[in-house]
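These are the residues of each chain, in order.
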Amino acid sequence: MFVHPDEDTRTDGGFQGERAVLAGYLRDQRLTLELKCAGLDADALARRSVEPSNLSLLGLVRHLAGVEQYWFRQVMAGQDVRRHYRSEDEPAGEFTGAVADPAVVADAWATWRAEVAFAEQLVAQAPSLDVTGDAGGAGGAGDEPMELREVLVHMIEEYARHNGHADFLRERIDGRVGQ
């Protein structure tokens, strides 16, 4: 087992109501990401999967910080903010800049945690899941407003996909397999 059940902070369901279900499953996916990265130093977190891929656990943390920022700050809150770790010159900066430096690791976790805290507050304070944001106005692909519930479902899917990647990355690093 990756972690003993008594030490697993994830809830495994049991939520009541639509908001609690969506926020709870997203919280558990976020906790899974932390679990997959737990106990690793900067070298291990920055280790790439296989050439020529630039995929690493640290890159995933940085990428997901940017995903949180995009969907909750830009789309849902309408904030005009500079994207974390990426630019026109470096569109894959969240992955290419994921280097084995403790300061880079600390920054990635602090940025991710700040974006998660913002998102959790936004979801908790939203009058309903019918609240909409403008994906087109935030540089996204669509012109249609998106409901908060759709963003939450998308985020669960985004984390689930990347946590699958994290399973393989962690197994390559130290042999630990997911649960």
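The structure presented is a predicted model; accordingly, all values stated were derived computationally and were not measured.

Calculation notes
- Residues numbered from 1 in each chain as written.
- Predicted model: local features only at pLDDT ≥ 70, side-chain atom pairs only at ≥ 80, totals over all residues.
- Heavy atoms only, no water.
- Helix = DSSP H or I, 4+ residues; strand = E, 2+ residues; numbered from the N terminus.
- Expected span 1.5 Å × (residues − 1).
- Bend = angle between axes of the 7 residues up to and from the residue.
- pLDDT = per-residue confidence, 0-100.
- Axes fitted to C-alpha atoms, helices over the stretch in contact; angles between N-to-C directions.
- Left-handed = near helix turned anticlockwise from the far one by under 90°.
- Contact = heavy atoms within 4.5 Å.
- Nonpolar A, V, L, I, M, F, W, Y, C, P; charged D, E, K, R; others polar.
- Phe/Tyr/Trp six-rings, centres within 6.5 Å; stacked < 30°, edge-to-face > 60°.
- Buried < 20%, exposed > 50% of the residue type's maximum accessible area, 1.4 Å probe, protein only.

## Quick notes on helix α6 (residues 148-174)
Between the first and last C-alpha of α6 there are 38 Å, a value that for 27 residues agrees with the 39 Å anticipated at 1.5 Å per step. Immediately beyond the C-terminal end of α6, within one or two residues, lies Gly175, with a positive phi of roughly 85°.

## Regarding helix α3 (residues 57-76)
Between its first and last C-alpha atoms α3 spans 27 Å; for 20 residues at 1.5 Å apiece the expected length is 28 Å, and the two agree. At Tyr70, α3 shows its maximal bend, which comes to roughly 25°. At the C-terminal side of α3, Gly78 shows a positive phi close to 70°.

## Examining the confidence of the model for the protein chain
Scored by pLDDT, the protein chain has a mean of 91; 91% of the residues are at 70 or more. Averaged pLDDT values over the elements of the protein chain bottom out at 93 in strand β1 (residues 132-134) and peak at 98 in helix α5 (residues 102-125).

## Overview of the packing of α5 against α6
For the pair α5 and α6, interaxial distance at closest approach is 12 Å and the crossing angle is 145°. Once α5 is placed against α6, the crossing between them reads as left-handed. Contacts between α5 and α6 involve Trp112, Val116, Leu122 and Val123 on the former and, on the latter, Leu148, Leu152 and Tyr159. Within the contact of α5 with α6, the residues separate by chemical class into seven nonpolar, no polar and no charged.

## Observations regarding the packing of aromatic side chains
Counted by the stated rule, this structure contains two aromatic pairs. Between Tyr70 and Trp71, the aromatic rings sit 4.9 Å apart at their centres with planes inclined by 85°, giving edge-to-face as the arrangement. Owing to a relative accessible area of 13%, Trp71 belongs among the buried residues under this scheme. Look at Trp109 and Trp112: their rings are 5.4 Å apart centre to centre, the planes differ by 85°, and that puts the pair in the edge-to-face class.

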